Number of protein chains: 2
Amino acid sequence: MLSQYYAPTRVTFGEGAEMKVADELAADGAAKVLIHYGGSSAEKSGLLSKVRELLKNKGIAFVELGGVKPNPRLSLVRKAIEIGKKENVDYILAVGGGSVIDSAKAIGYGLSNSGDVWDFYCGKRVPQDTVKVGVILTLSATGSEMSDSSVITNDEDGWLKRGCNSNVCRPAFALLDPCLTYTLPDYQIEVGTVDIMMHTIERWFHSGNGIDITDDLAAALIKNVKEKGLECLKDRNSYEAHASLMWASSLSHNGLMALGNDQRGDWACHQLEHELSGMFDIAHGAGLAIIFPAWSKYVYKTNPERFAKLGRLVFGIKEEGEKGAEKTIEEFIAYFKKLNMPTSLADADIILSDSQMEELLDKATFYGKRTLGAFKILEREDMRAIYELAK
Amino acid sequence: MLSQYYAPTRVTFGEGAEMKVADELAADGAAKVLIHYGGSSAEKSGLLSKVRELLKNKGIAFVELGGVKPNPRLSLVRKAIEIGKKENVDYILAVGGGSVIDSAKAIGYGLSNSGDVWDFYCGKRVPQDTVKVGVILTLSATGSEMSDSSVITNDEDGWLKRGCNSNVCRPAFALLDPCLTYTLPDYQIEVGTVDIMMHTIERWFHSGNGIDITDDLAAALIKNVKEKGLECLKDRNSYEAHASLMWASSLSHNGLMALGNDQRGDWACHQLEHELSGMFDIAHGAGLAIIFPAWSKYVYKTNPERFAKLGRLVFGIKEEGEKGAEKTIEEFIAYFKKLNMPTSLADADIILSDSQMEELLDKATFYGKRTLGAFKILEREDMRAIYELAK
């Protein structure tokens, strides 16, 4: 089996990286930039006014659109595409975290390709091109700053949450300044830490063969994130801890952690979580902390040693086979609890009604059209069992 | 301090990756390719005839130039540039290891920039562009398949060995098939293993601050390479061992292992070794196995804990401070010996005359114009002490 690694994003890392924004845009010949962002924090912190000033000084024109929400919405993407077309935008600058970047990627698709942008998310068409996206990252979590992935929630029709993966959308540049994450609320660090871990964990669980160098790097990353997530919470001014967490977020989702694997990974937890957070609008990281333990308990007997190896390298677990697997799952649950994460639906005050369960399963299976997973292939009834275990 | 990561090479990895060569060339619109290679092994193995057939079937024209030697020579680069200009070559395909790729990069510079190509290597000018280079890798060692670096030996004038670093020359694509390395002579695996380790070790030793995620990934890589190098020698048909070593070679030199560091690394060992192998034509990896122990003994007191941390993560050394540093150096020497590497000049049957010593120091200092290193800045007399320790 062949596997690919393609991560062309120009990364600038360190304190003050955001000051390079005009240079990076100019290097790509940007003439009219859409500055895309979320809520008021980027304004309050002075980051946006810094960006505006740098662009003005460099003679780069821009328009702005804020208001991106977690689980970014199709309606705002459509609005941005309309503005972009009217204003002849040729570059999108995402100032924010994964939601803003994912929204920017969708706008990029919409500006470069004719037809309905949602087509790319519901699998009807494949994007051929994009308006370039650049990133100033303010949140370590999704890895969207280097990834090929974008997830959008259709708030116009059934709150479907769907992803589109394409090398086309990998950001042209990413400015990573760990200091920008010092002032995040604890909760953002907590859900971000789970999200980062899970991008590598999803790649860890594939069927077939992998290579040890990728396993060793993956385990080193997860172990590092496990420590740095807690360190960031303890010391909100530790450059080192915030820097490690930020760079781990990019590496966890840029493809490195699947190189040499027969597949890109399992991704069932992500799909099951997408339906959940699409319906209940909980944070992605919190949803993953609920789903991963349930998924693990349901699938680990397929290959207990794979779980045990992860536990050995990350938590120093000595047991092998099923015992080792069970211990590994316990350790992850205990760790998520330390991060103040829910590890069950009840913890998140979600009570699934029977009709909601069926709706989740309808959406997760694309109304009977797909299975999920690679480590273990999941049919509709397997998914039901996992949601049940998550209660 | 800001640091950069930029590794745009499209990597295809796995058994049979070389079969994608025509697709990759076609994706970049190659019209006339120079196939560049070394000795007879690529011909004998059938790899070159496979490549010719794939290009013919895809309707891609090509010319060929073989004969690249270890420590690739300027005279052959000039000859290739002449052929390339005459034949309107718009793509260079390197089929081989680091010497072939480095030679291809120099040819790319020469075809895209006017004036003398050696200017880029002796630091007179900076290359602005290149004819694209693609790679079919047959040897895990230099990491040139993703790196920004190319080293050429001037066989026309004093056997100076000089490097040119530029993002411009990073290969457009790299096809990595571990199976192509099954039939290498043991010696190639041995020197390759040292070379791979040293690219990360050079980045490990910087002054100033780094971040733990990079340290943890670097240590995981070195530890993996330490094991896989020996495994490859023991089992010349182990896909896993050859695959891990091959991917480690790319990651060790693509910039990943310096992200977050204040500098790109130390690189004094490489510079001191370049002068040595430029003069005595020994293998780069063997030269590094001689220089690194001498350099380490000379510099470790600058920051013993940095050495001890490496030893702790890679060899499980318990001691801290100077004791830990000394133990770490001993472990590396013992490991190099296990790889049948020389760890002194005497081991390599090199006896430095007084005039040769002065010539080495003249070249290493650019005739008094530069110091070397970052972990500890080396003046001419420091370099002399290190070559003395290497005897």
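No experiment lies behind these values; they were computed from the predicted model shown.

Asker: Quick question: what am I supposed to make of the overall build of chain A here?
Answerer: When you go through chain A residue by residue, the secondary structure sums to 15 helices and 8 strands. Taken over C-alpha atoms, the radius of gyration comes to 20 Å for chain A, in line with the 21 Å a tight globule of 391 residues would show. C-alpha atoms of chain A, sized along the principal axes, occupy 65 × 45 × 45 Å. The contacts of chain A with a sequence gap of at least 6 include a subset with a gap of at least 24, amounting to 76%.

Asker: Where do I start with the nonpolar core in this structure?
Answerer: Across soluble globular proteins, you tend to see nonpolar side chains buried next to one another. Of all hydrophobic cores here, the largest spans 226 residues; its most connected members are A:Trp247, A:Trp295, A:Tyr387, B:Trp247, B:Trp295 and B:Tyr387. Those residues in contact with B:Trp247, other than ones at most four positions away along the chain, are A:Tyr5, A:Ile211, A:Ile213, A:Thr214, A:Leu256, A:Leu259, B:Val11, B:Phe13, B:Met146 and B:Leu176. B:Leu25, B:Ala42, B:Phe62 and B:Phe173 belong to the second-largest nonpolar core, a separate cluster that totals 23 residues.

Asker: I keep staring at the interface of chain A and chain B and nothing clicks. Help me out?
Answerer: Where interface size is quoted, it is often the accessible area lost as the parts come together. Tallying the contact residues gives 40 residues for chain A and 40 residues for chain B. Of the roughly 3,100 Å² buried at the junction of chain A and chain B (both faces included), carbon and sulfur atoms supply 67%. Of all residues in chain A, the largest losses of buried area upon contact with chain B belong to A:Leu2, A:Tyr5 and A:Ile213, amounting jointly to 20% of the total for that side. Our count for the contact surface shared by chain A and chain B stands at 2 salt bridges. Between A:Lys228 and B:Asp212 there is a salt bridge, with the nearest N and O atoms lying 2.6 Å from each other. Between chain A and chain B we count 17 residue pairs in polar contact (both at pLDDT 80 or more) in total. Within the residue set of the side of chain A that touches chain B, elements represented by two or more residues are strand S1 (3-13), helix H8 (212-234) and helix H9 (239-252) of chain A. When residues in the side of chain A that touches chain B are grouped by element, the largest group, 11 residues, is from S1(A). Here the side of chain A that touches chain B is built from residues that sort into 22 nonpolar, 11 polar and 7 charged. Inspection of the sheet shows S1(A) paired to strand S1 (residues 3-13) of chain B by 7 bridges, in the antiparallel sense. Paired with A:Ala7 across the two strands is B:Ala7, which belongs to S1(B).

Asker: Before we go on, may I ask you to explain helix H4 (residues 74-86) of chain A in this structure?
Answerer: In an α-helix there are 3.6 residues to a turn, and that puts residues three or four apart on one side. All names here are of chain A. Taking 1.5 Å per residue, 13 residues should reach 18 Å; H4 reaches 19 Å between its end C-alpha atoms and fits that length. Of the residues making up H4, those classed as buried are Leu74, Leu76, Val77, Ala80, Ile81 and Gly84. Summarising the axial view, the buried residues of H4 lie within an arc of 155°, below the 170-degree limit, and thus occupy one face. Along H4, exposed side chains directed more than 90 degrees from the buried face belong to Glu82 and Lys86. Summarising the contacts, the buried residues of H4 are in contact with strand S2 (32-37), strand S3 (61-65), helix H5 (98-112), helix H6 (118-121) and strand S6 (149-154).

Asker: Looking at this structure, how should I read helix H7 (residues 186-204) of chain A?
Answerer: Taking 1.5 Å per residue, 19 residues should reach 27 Å; H7(A) reaches 27 Å between its end C-alpha atoms and fits that length. In terms of burial, H7(A) is a largely internal element, 16 of the 19 residues being buried.

Asker: Even after reading the chapter, I still don't get unusual backbone geometry, so can you show me in this structure?
Answerer: Peptide bonds are, in most cases, trans, and in most cases residues other than glycine have a negative phi. You will see that A:Asn88, though not glycine, has its phi angle at about 55°, which is positive. Examined against the element boundaries, A:Asn88 turns out to sit in the loop between H4 and strand S4 (91-96). You can call A:Asn88 exposed: its relative accessible area is 62%. Phi is positive for B:Trp267, which is not a glycine, with a value near 70°. Looking at the secondary structure, you find B:Trp267 in the loop between helix H9 (239-252) and helix H10 (268-280). Classification of B:Trp267 by relative accessible area gives buried; the value is 14%.

Asker: How do you make sense of the sheet that holds S3(A) when you look at a structure like this?
Answerer: Backbone hydrogen bonds hold the strands of a sheet together, and the pairing may be parallel or antiparallel. Spatially, the 12 strands line up as an open sheet ordered S3(A)-S2(A)-S4(A)-S5(A)-S8(A)-S1(A)-S1(B)-S8(B)-S5(B)-S4(B)-S2(B)-S3(B), and their pairing is mixed. The sheet is open, and its two borders are formed by S3 of chain A together with strand S3 (61-65) of chain B, each paired with just one other strand. Pairs of neighbouring strands in the sheet enclose a mean axial angle of 25°, with direction left out of account. Pairing of S4(A) with strand S5 (residues 133-137) of chain A, which is carried by 5 bridges, proceeds in the parallel orientation. Residue pairing for S5(A): A:Leu93 is matched across the bridge by A:Gly134. Set on the sheet, H9(A) makes contact with S1, S5 and strand S8 (173-176) of chain A together with S1 of chain B; between it and S1(A) the angle comes to about 145°. Contacting strand S2 (32-37), strand S4 (91-96) and strand S5 (133-137) of chain B, helix H5 (residues 98-112) of chain B runs over the sheet at an angle of about 170° to S4(B).

Asker: What is the right way to look at the relation of the copies chain A and chain B in this model?
Answerer: Each copy of the sequence occupies a distinct position, and chain A is placed on chain B by a rotation of 180° and an axial shift of 0.0 Å, giving an RMSD of 0.0 Å. Interpreted geometrically, this transformation is the action of a two-fold axis. Using C-alpha coordinates, one finds that chain A approaches the rotation axis most closely at A:Pro8, a distance of 1.9 Å. Most of the interface of chain A is mirrored in chain B, where 100% of its interface residues again form contacts.

Asker: Where do I start with the pairing of S2(A) in this structure?
Answerer: Residues in a regular strand point their side chains to alternate faces of the sheet. Residue and element names in this part refer to chain A. In terms of burial, S2 is largely enclosed, as 6 of its 6 residues are buried. Burial of S2 is two-sided: the residues Lys32, Leu34 and His36 facing one way and the residues Val33, Ile35 and Tyr37 facing the other way are all buried. As paired elements, S2 and S3 share 5 bridges and run parallel to each other. Along S3, the bridge assignment pairs Lys32 with Ala61.

Asker: It is not clear to me how the environment of A:Ser207 should be interpreted in this structure. Could you clarify?
Answerer: Residue and element names in this part refer to chain A. Residue placement: Ser207 occurs in the loop between H7 and H8. Residue classification places Ser207 among the partly exposed positions, given a relative accessible area of 26%. Along the backbone, Ser207 and Tyr5 are 202 residues apart, and their C-alpha atoms lie at a distance of 19 Å. Apart from residues lying up to four places away in sequence, Ser207 is in contact with Asp262, Gln263, Ala374 and Phe375.

Asker: What should I look at first to understand the pattern of salt bridges in this one?
Answerer: Side chains bearing opposite charge may pair, as long as their charged atoms lie close to each other. All names here are of chain A. Tallied over the full model, the rule gives 62 salt bridges over all chains. Lys50 is paired through a salt bridge with Glu18; the nearest N and O atoms lie 3.4 Å apart. Residue Lys50 is found in helix H3 (residues 47-58), and its partner Glu18 is found in the loop between S1 and helix H1 (21-27); the two are separated by 32 residues along the sequence. You can call Lys50 partly exposed: its relative accessible area is 31%. Judged by its relative accessible area of 5%, Glu18 falls in the buried class.

Asker: It is not clear to me how the packing of helix H4 (residues 74-86) of chain B against H5(B) should be interpreted in this structure. Could you clarify?
Answerer: Relative orientation and spacing of two packed helices are given, respectively, by the angle between their axes and the distance between those axes. Residues and elements named next belong to chain B. Running from N to C, H4 and H5 point in directions that differ by 50°, and their axes come no closer than 9 Å. Classified by the angle their axes make, H4 and H5 are oblique. By crossing handedness, the relation of H4 to H5 is classed as right-handed. Together, Val77, Ala80, Ile81, Gly84 and Lys85 of H4 and Ser103, Ala106, Ile107, Gly110 and Leu111 of H5 make up the contact between the two elements.

Quick notes on the rules
- Residues numbered from 1 in each chain as written.
- Chains lettered and ligands numbered in written order.
- Predicted model: local features only at pLDDT ≥ 70, side-chain atom pairs only at ≥ 80, totals over all residues.
- Heavy atoms only, no water.
- Helix = DSSP H or I, 4+ residues; strand = E, 2+ residues; numbered from the N terminus.
- Rg over C-alpha atoms; globule rule 2.2 N^0.38 Å.
- Contact = heavy atoms within 4.5 Å.
- Core = buried A, V, L, I, M, F, W, Y, C linked by side-chain atoms within 4.5 Å.
- Buried < 20%, exposed > 50% of the residue type's maximum accessible area, 1.4 Å probe, protein only.
- Buried area = accessible area lost by both parts, 1.4 Å probe.
- Salt bridge = Lys/Arg side-chain N within 4 Å of Asp/Glu carboxyl O.
- Polar contact = N/O pair within 3.5 Å; in protein donor to acceptor, adjacent residues only side chain to side chain.
- Nonpolar A, V, L, I, M, F, W, Y, C, P; charged D, E, K, R; others polar.
- Pairing = 2+ DSSP bridges.
- Expected span 1.5 Å × (residues − 1).
- Arc of directions from axis to C-beta.
- Axes fitted to C-alpha atoms, helices over the stretch in contact; angles between N-to-C directions.
- Least-squares fit on C-alpha atoms with pLDDT ≥ 70 in both.
- Parallel < 35°, antiparallel > 145°, perpendicular 65-115°, else oblique.
- Left-handed = near helix turned anticlockwise from the far one by under 90°.

In short, the description is geometric, and any link to function would need to be established separately.
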